[in-house]
Amino acid sequence: MRRPFISANWKMYKTTGETRDFINAFLPAVKSVSDVDIVLAPPFTSLAAAGELLKGTNVDLSAQNMYFEAEGAYTGEISAKMILDLGSKYVILGHSERRQYFGETDEFLNKKVKAARAAGLSVIFCIGETLDERNSGKMFDIIKRQVVGGLKDVDTNGLVIAYEPVWAIGTGVTATPEQAQEAHKFVRDQLRNVYGDKADDLRILYGGSVKPDNVKELMAKPDVDGALVGGASLKPDSFEKIVKFR
Ligand code: 13P
């Protein structure tokens, strides 16, 4: 059985004060949830504040990015060790916004995934096709390339996959549950080629306009094991409803 995994991705939203306000409202609301892994991914600047408030609770912390070197002259960058030090258990890597706006390639991401795992950080590894890629029939090739390239020589420990079709991110257009299941099944087949039966234990999250009113039907699909939520995770009551999707 794969335990549901629901993570917020706050992207470039929230100051430390706003982060504290969210967490102080959210924690009591989800205190009784014991059958879902719940994760918050605030921006770097809020990690320390969030880490202190989440310590010892049923909500884990994630960073949204990191650099693969352990330390050095890399102005503006942050290492896995620095993220761990703030109480973060996870890091999101390979988000389409990183690939699209910051030119992150499969090869580059593979270095980050390896460095995160070597340091002891769990990884939420994102993949997904653009609308052009889907419409031109390249969707499956792209997903396969992202899985094989990004996860080269990486084992399944501490790994969570997030399928986020780029055309569904922040657009209000959600993949239908059937589209999500089709893609998730394909992703799991690719993972099986790499990991064999261990692929059945890997959680594959869906991301892209997940909302309180569509999460339940997405979660009902056999290969959808959780959600990575952007816009609808910014308000405590909205994210609470998603976490309590049942
Ligand atoms: P939205 O939920 O705002 O579409 O964002 C999805 C996403 O990119 C999560 O990582």
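Check the entry above for the structure.
This one's a predicted model, so the numbers in the text were calculated from it and none came from an experiment. Here, residues in each chain are numbered from 1, in the same order as that chain's written sequence. In keeping with the model being predicted, local features are shown solely for residues with a pLDDT of at least 70 and side-chain atom pairs are shown and tallied solely at 80 or more, while totals for entire chains, interfaces and linings include all residues. Side-chain metrics rest on all non-hydrogen atoms present in the structure, leaving aside hydrogens and water.

## Concerning the overall build of the protein chain
Stage number 1. Numbered from the N terminus, helices here are DSSP runs of H or I no shorter than four residues, and strands are runs of E no shorter than two. Regarding its fold elements, the protein chain presents 10 helices and 8 strands.
Stage number 2. Overall, the protein chain is about 45 × 45 × 30 Å in size when its C-alpha atoms are taken along their principal axes.
Stage number 3. We call a residue buried when its accessible area falls under 20% of the maximum for its residue type, exposed when it is over 50%, and partly exposed in between, using a 1.4 Å probe and counting protein chains only. Taken over 246 residues, the protein chain has a buried fraction of 53%.
Stage number 4. Long-range pairs, those at least 24 residues apart, make up 72% of the contacts in the protein chain between residues at least 6 apart in sequence.
Stage number 5. Using the Shrake-Rupley algorithm and a 1.4 Å probe, accessible areas are obtained, with residue cover drawn only from the displayed protein chains. Counting only carbon and sulfur atoms, one obtains 51% of the accessible surface of the protein chain, whose full area is about 11,300 Å².
Stage number 6. The positive charge centre, built from 32 side chains, and the negative charge centre, built from 33, are 2 Å apart in the protein chain. Any two residues whose heavy atoms approach within 4.5 Å at even a single point are treated as in contact. Positive charges are assigned to Lys and Arg, negative charges to Asp and Glu, while His and the chain termini are left out of the count. The location of each charge is read from NZ of Lys, CZ of Arg, CG of Asp or CD of Glu.

## Quick notes on the packing of helix H7 (residues 139–150) against helix H8 (residues 177–195)
Stage number 1. In the contact formed by H7 and H8, the axes pass within 10 Å of each other and the chain directions differ by 45 degrees. Between H7 and H8, the interaxial angle falls into the category oblique. Like other packed secondary-structure pairs, H7 and H8 cross with a definite hand, here right-handed. For the pair H7 and H8, contact is made by Met139, Phe140, Ile143, Lys144 and Val147 and by Glu182, Ala183, Phe186, Val187, Gln190 and Leu191, respectively. Each axis is a line fitted through C-alpha atoms, taken for helices only over the stretch in contact, and angles between the N-to-C directions span 0 to 180 degrees. Throughout, the term roughly parallel applies to angles under 35 degrees, roughly antiparallel to angles over 145, roughly perpendicular to angles from 65 to 115, and oblique to all others. Handedness of each helix crossing follows the sense of rotation of the near helix against the far helix: counterclockwise by less than a right angle gives left-handed, clockwise gives right-handed.

## Looking at the packing of helix H1 (residues 16–30) against helix H10 (residues 236–243)
Each pair of packed helices can be summarised by the angle the axes make with each other and by the distance between the axes.
Stage number 1. Packing of H1 against H10 brings their axes to within 9 Å, and their N-to-C directions diverge by 30 degrees. It follows that H1 is roughly parallel to H10 by the angle criterion. Note on packing geometry: the crossing formed by H1 with H10 is right-handed. Contacts between H1 and H10 involve Phe22, Ala25, Phe26, Ala29 and Val30 from the former and Pro236, Phe239, Glu240 and Val243 from the latter.
Stage number 2. Across the contact of H1 with H10, the residue classes break down as 8 nonpolar, no polar and 1 charged. Just so you know the grouping, Ala, Val, Leu, Ile, Met, Phe, Trp, Tyr, Cys and Pro go in nonpolar, Asp, Glu, Lys and Arg go in charged, and all remaining residues, Gly too, go in polar.

## Some thoughts on the pairing of strand S2 (residues 37–40)
Stage number 1. Along S2, one buried face is formed by Asp37 and Val39 and the opposite face, lined by Ile38 and Leu40, is buried too.
Stage number 2. Sheet analysis places strand S1 (residues 5–8) next to S2, joined by 3 bridges and oriented parallel. Paired with Phe5 across the bridge in S2 is Asp37.
Stage number 3. This β-α-β element, S2 to helix H2 (residues 44–54) to strand S3 (residues 59–63), shows right-handed connectivity. At least two bridges found by DSSP between two strands is the condition for calling them paired. Call a crossover right-handed when, viewed with both strands pointing away from you, the route from the first strand across the helix to the second goes clockwise.

## Quick look at the site of the ligand
Stage number 1. To be near a molecule or strand, a residue needs just one of its heavy atoms within 4 Å of it. In the vicinity of the ligand, the residues found are Asn9, Lys11, His95, Glu164, Ala168, Ile169, Gly170, Gly208, Ser209, Leu228, Gly230 and Gly231.
Stage number 2. Polar contact criterion, stated in full: a pair of N or O atoms within 3.5 Å, where within protein one must be able to donate a hydrogen and the other to accept it, and residues adjacent in sequence count only if both atoms are side-chain atoms. One nitrogen or oxygen atom from the side chain of Lys11 is found 2.8 Å from an oxygen atom belonging to the ligand.
Stage number 3. The separation between an oxygen atom of the ligand and a polar main-chain atom of Gly231 is 2.8 Å.
Stage number 4. The fraction of the free accessible surface of the ligand (310 Å²) that becomes covered by protein chains is 96%.
Stage number 5. At a threshold of 2 Å from the grid points, most atoms of the ligand map onto the second largest pocket.
Stage number 6. Among the residues forming the shell around the ligand, the class breakdown is 3 nonpolar, 7 polar and 2 charged. Residues are called lining when one of their atoms sits within 4 Å of a cavity or pocket point, these points coming from a 1 Å grid over the protein atoms alone, where a cavity is a set in which a 1.4 Å probe fits but cannot get out and a pocket is an open set with protein on both sides within 12 Å along at least five of seven lines. Assignment of a molecule to a cavity or pocket requires that more than half of its atoms lie within 2 Å of the corresponding grid points.

## Focus on unusual backbone geometry
Stage number 1. Residue Lys14 is not a glycine yet carries a positive backbone phi of 85 degrees.
Stage number 2. Here Lys14 is to be found in the loop between S1 and H1.
Stage number 3. One non-glycine residue with positive phi stands out, namely Ser209, at about 55 degrees.
Stage number 4. Residue placement: Ser209 occurs in the loop between strand S7 (204–207) and helix H9 (215–219).
Stage number 5. Owing to a relative accessible area of 7%, Ser209 belongs among the buried residues under this scheme.

No statement about biological role is implied by the geometric values presented.
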